[in-house]
Every structure is written in structure tokens, then in C-alpha cells.
Amino acid sequence: MLKIIGPAMKSGLPPERRDVLIADLRNNDPRFLRRHTRSYLEYLDRHGSLARRLCDSGARAWVVFGEHDDVGLTDDERAVLEECPGATLVTIPDTGHFALNQKPAQIAEIVLGALSGTSRG
């Protein structure tokens, strides 16, 4: 897993932080990563799409992802979340899956907006 993640992440991380972040990722125990990745994938298989469950929960949620993220919403999930009164969908322009590392100031604004009750997405 670690052999794949590092090279796959290179294009999604800011060049000035790339080496440090990948080096830090390599500090993880491969057994831990395998076990928890497997558990996470089993969880997703067991529950399927979480969009309807999130909406039905009544919880306020911001669903944030990068414009060029390889992990995204299906059309059905997007439709559910767009109709959900408690969900705010936010797409971060010019980012991929690692929007937090690519645009930390914009992510901080979204978090601040969520905490203060104002939409900054």
C-alpha cells in the first residue's frame, strides 16, 4: 500500500510540501494500514452509499472535495445531497483528493464557516 500511495500522491500534493508529507506517510506501520484499509472497505461494502443516511440523520454537514478528485459522488449521491436541507456541497477549484494540503486556507474558511453557522463554501 505504501509503495503505491507515495507515487500516486505526488501529483496531488503541493510541490513545496510533497517530500515531507510522503516521508511522514512512510512512517506508518504497513500492517496497521492494511488492517484498517481492509476494515474501511468492508464498512463501505456493508453500508453502501452514505448520502441518504447522512441526509436522514438530520445532521448539518459540509461535503467538501476537490474539483479534480478521483474520489467523488455518483450522480445519485449528488442529487440526494443537493436536496438535503442539512447538507452543503463544496467543490474546491483546482484541487484533487488532497484539497486540505493544496488549499489549506480555503479549507480553513469552510471549517470556520461551518463552526460559526455561516456558509463560506
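Values in this document were obtained by computation on a predicted structure and should not be read as measured data.

1. Here's the deal with the pairing of strand β2 (residues 87-92)
- For strand β1 (residues 61-66) and β2, the ladder comprises 6 bridges, and the chain directions are parallel. Within β2, the position partnered with V63 by the bridge is L89.
- Of the crossover connections in this fold, the one passing from β1 over helix α5 (residues 75-83) to the parallel β2 is right-handed.

2. Structural notes on the state of the cysteines
- This structure, assessed with the given rule, holds 1 disulfide.
- Paired through a disulfide, C55 and C84 show a sulfur-sulfur distance of 2.5 Å. Handedness of the C55-C84 disulfide follows from its S-S torsion of about 110°: it is right-handed. With a gap of 29 residues between them, C55 in helix α4 (residues 51-57) and C84 in the loop between α5 and β2 connect regions that are remote in the sequence. The same class applies to C55 and to C84, which are both buried.

3. Focus: α5
- Taken together, the buried positions of α5 are occupied by E77, V80 and L81. Within α5, the buried residues cover an arc of 95° as seen down the axis, which keeps them to one side. Exposed and facing more than 90 degrees away from the buried side of α5 are D75, E82 and E83.
- Elements in contact with the buried residues of α5: α4, β1 and β2.

4. With respect to the nonpolar core
- Membership of the largest hydrophobic core is limited to 8 residues, which are A51, C55, V63, F65, V80, L81, C84 and A87.
- Residue assignment for this core shows that the elements contributing at least two residues are α4, β1 and α5.
- Within the second largest apolar cluster, 5 residues are counted, among which are V90, I92, I107 and I110.

Calculation rules
- One numbering rule holds for all chains: residues counted from 1, following each sequence as written.
- Note on the predicted model: pLDDT of at least 70 is required for a residue's local features to be given, and 80 or more for side-chain atom pairs to be given and counted; whole-chain, interface and lining totals, by contrast, use all residues.
- Excluding hydrogens and water, the side-chain values take into account all heavy atoms of the structure.
- At least two DSSP bridges between two strands are required for those strands to pair.
- Secondary structure follows DSSP: runs of H or I at least 4 residues long count as helices, runs of E at least 2 residues long count as strands, and numbering of each begins at the N terminus.
- Convention used here: a crossover is right-handed provided that the path from the first strand, over the helix, to the second strand proceeds clockwise when the strands point away from the viewer.
- Only a pair of cysteine sulfur atoms within 2.5 Å qualifies as a disulfide here.
- Per-residue accessibility, obtained with a 1.4 Å probe over protein chains only, is compared with the maximum for each type, and a residue is labelled buried under 20%, exposed over 50%, and partly exposed between these values.
- The directions from the helix axis to the C-beta atoms are what the arc is built from.
- By definition in these notes, contact holds between two residues if any of their heavy atoms fall within 4.5 Å.
- Remark: nonpolar core denotes a set of buried residues (Ala, Val, Leu, Ile, Met, Phe, Trp, Tyr, Cys) joined through side-chain atoms within 4.5 Å.

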